[in-house]
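Here is how the chains run, residue by residue.
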Amino acid sequence: AGIVFKDYESAFLAGYIAAKTTETGRLGFLGAYDNETVNAFLYGFRAGALYAADEDGTAVNFETEYTGSYVDKEAGRSGAESLYNRGCDVIFQAAGACGTGAVEVAAEQDKWIIGSDYDQTELAPDNVLTCVTKNPQVAVNEIMESFVRGRVIGGKNYEYGLKKNGVGIIANNGNVAEEVYTAMETVKSKIISGEIKAPKTMAELTAFSSAL
């Protein structure tokens, strides 16, 4: 049995918050590798930001960096410095342990950063805007319960997104404006209902942005 997480759905929410928070209109994405898995975060993030900008009648621009590693903290620092130097005031990092270096730079430059996989607020309480999360325990518990109940679980993939709480976003840590967080919750409900379909590929992102 395979488990697939819809990280692009939680990334959409991160992009929405980022676009509602930025003052420069320039948002950065720091990924580990230029591949399908990492870029699903990127496309979801951009779509969420474009959706928010369309709501507000504003414009957002994007910058992207890849670290070439999930573990090189210095590569994370270098990537974040490059993005902030190009005018980004909010960065979304999806680079594993590299991201901790990026969080350090955010604190040093007093800029916003969005964490991934778990709540990273404690790393920089004044600069971690929010974090997207992945909840593998939800998927494992549900699938193992099915197995224990005698159901055949093998031979297919199980998808876990916002609807099944396989991915999500942390409770407001105090850094997101309350009205923005409330609006994000409405967007979240629209993704869960299917009214909004978060993109996971460049083709889907292109179609999504064209429809705005």
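These remarks concern the structure in this document. (Residues numbered from 1 in each chain as written. Predicted model: local features only at pLDDT ≥ 70, side-chain atom pairs only at ≥ 80, totals over all residues. Heavy atoms only, no water.)

**Looking at the overall build of the protein chain**
Inference 1: Regarding its fold elements, the protein chain presents seven helices and eight strands.
Inference 2: Relative to its length of 212 residues, the protein chain is compact, with a C-alpha radius of gyration of 17 Å against a globular reference of 17 Å.
Inference 3: Along the three orthogonal principal directions, the C-alpha set of the protein chain runs to about 55 × 40 × 35 Å.
Inference 4: Each of the 212 residues in the protein chain was classed as buried or not, and the buried ones make up 50%.
Inference 5: For the protein chain, long-range pairs separated by at least 24 residues make up 69% of all intrachain contacts whose partners lie at least 6 apart in sequence.
Inference 6: Accessible surface, the protein chain as shown: approximately 9,800 Å² in total, 48% of it carbon and sulfur.
Inference 7: If you average the places of the 18 positive and of the 29 negative side-chain charges in the protein chain, the two averages end up 9 Å apart. (Helix = DSSP H or I, 4+ residues; strand = E, 2+ residues; numbered from the N terminus. Rg over C-alpha atoms; globule rule 2.2 N^0.38 Å. Buried < 20%, exposed > 50% of the residue type's maximum accessible area, 1.4 Å probe, protein only. Contact = heavy atoms within 4.5 Å. Areas by Shrake-Rupley, 256 points an atom, 1.4 Å probe, with all protein chains shown as cover. Lys, Arg positive; Asp, Glu negative; His and termini not counted. Charge placed at Lys NZ, Arg CZ, Asp CG, Glu CD.)

**Some thoughts on the nonpolar core**
Inference 1: By size, the foremost hydrophobic cluster in this structure holds 48 residues, and its most contacted members are Phe-12, Leu-27, Phe-45, Phe-92, Ile-114 and Val-187.
Inference 2: Ranked by the residues each element gives to this core, the list is headed by helix α2 (residues 36-56), at 11 residues.
Inference 3: Not counting residues up to four positions away in its chain, the partners in contact with Phe-12 are Gly-44, Phe-45, Ala-47, Gly-48, Tyr-51, Val-187, Ile-191, Ile-196, Ala-198, Pro-199 and Phe-208.
Inference 4: Counting residues in each nonpolar core, the second largest holds 15 residues, with Cys-88, Ile-113, Ala-124 and Ile-170 among its members. (Core = buried A, V, L, I, M, F, W, Y, C linked by side-chain atoms within 4.5 Å.)

**What to know about the pairing of strand β6 (residues 128-134)**
Inference 1: Counting buried positions along β6 yields six of seven residues, so the element is predominantly enclosed.
Inference 2: Of the strand pairs in this sheet, strand β5 (residues 112-115) and β6 are connected by three bridges, and their pairing is parallel. Within β6, the position partnered with Ile-113 by the bridge is Val-128.
Inference 3: The pairing of β6 with strand β8 (residues 167-169) spans three bridges and is antiparallel. Residue pairing for β8: Val-132 is matched across the bridge by Ile-169. (Pairing = 2+ DSSP bridges.)

**Focus on the pattern of salt bridges**
Any two side chains of opposite charge can pair, on the condition that their charged atoms come close.
Inference 1: The tally for this structure, following the rule as stated, stands at 13 salt bridges.
Inference 2: One salt bridge connects Asp-56 with Lys-20, and the closest N-O pair in it is separated by 2.8 Å. Of the two residues, Asp-56 sits in helix α2 while Lys-20 sits in helix α1 (residues 7-21), which places them 36 residues apart along the sequence.
Inference 3: Assessed through its relative accessible area of 42%, Asp-56 is described here as partly exposed.
Inference 4: Here Glu-81 makes a salt bridge to Arg-77, at a shortest N to O gap of 3.8 Å. Of this pair, Glu-81 and Arg-77 both sit in helix α3 (residues 73-85), separated by four residues, roughly a single helical turn.
Inference 5: For Glu-81, a relative accessible area of 30% puts it in the partly exposed group. (Salt bridge = Lys/Arg side-chain N within 4 Å of Asp/Glu carboxyl O.)

**Focus: the layout of surface pockets**
Inference 1: Estimated volume of the largest pocket: approximately 390 Å³.
Inference 2: Residue lining of the largest pocket: 20 residues in total, with Phe-5, Asp-7, Thr-37, Ala-40 and Phe-41 positioned closest to the centre.
Inference 3: Breaking the lining of the largest pocket down by element, the ones donating at least two residues are β1 (2-5), α1 and α2.
Inference 4: Residue contributions to the lining of the largest pocket peak at five residues, all from α2.
Inference 5: Taken together, the residues of the lining of the largest pocket break down into nine nonpolar, four polar and seven charged.
Inference 6: Approximately 280 Å³ is the volume attributed to the second largest pocket.
Inference 7: The wall of the second largest pocket is formed by 16 residues, among which Lys-6, Glu-9, Lys-163, Ile-191 and Ile-192 lie closest to the centre.
Inference 8: Listing elements by their share of the lining of the second largest pocket, those giving two or more residues are α1, β7 (157-160) and α6 (178-193).
Inference 9: For the lining of the second largest pocket, the class distribution of residues is seven nonpolar, two polar and seven charged. (1 Å grid on protein atoms, 1.4 Å probe; cavity = no way out; pocket = protein on both sides within 12 Å on 5 of 7 lines; lining within 4 Å. Points joined across faces, edges and corners; volume = space filled by probe spheres on them. Nonpolar A, V, L, I, M, F, W, Y, C, P; charged D, E, K, R; others polar.)

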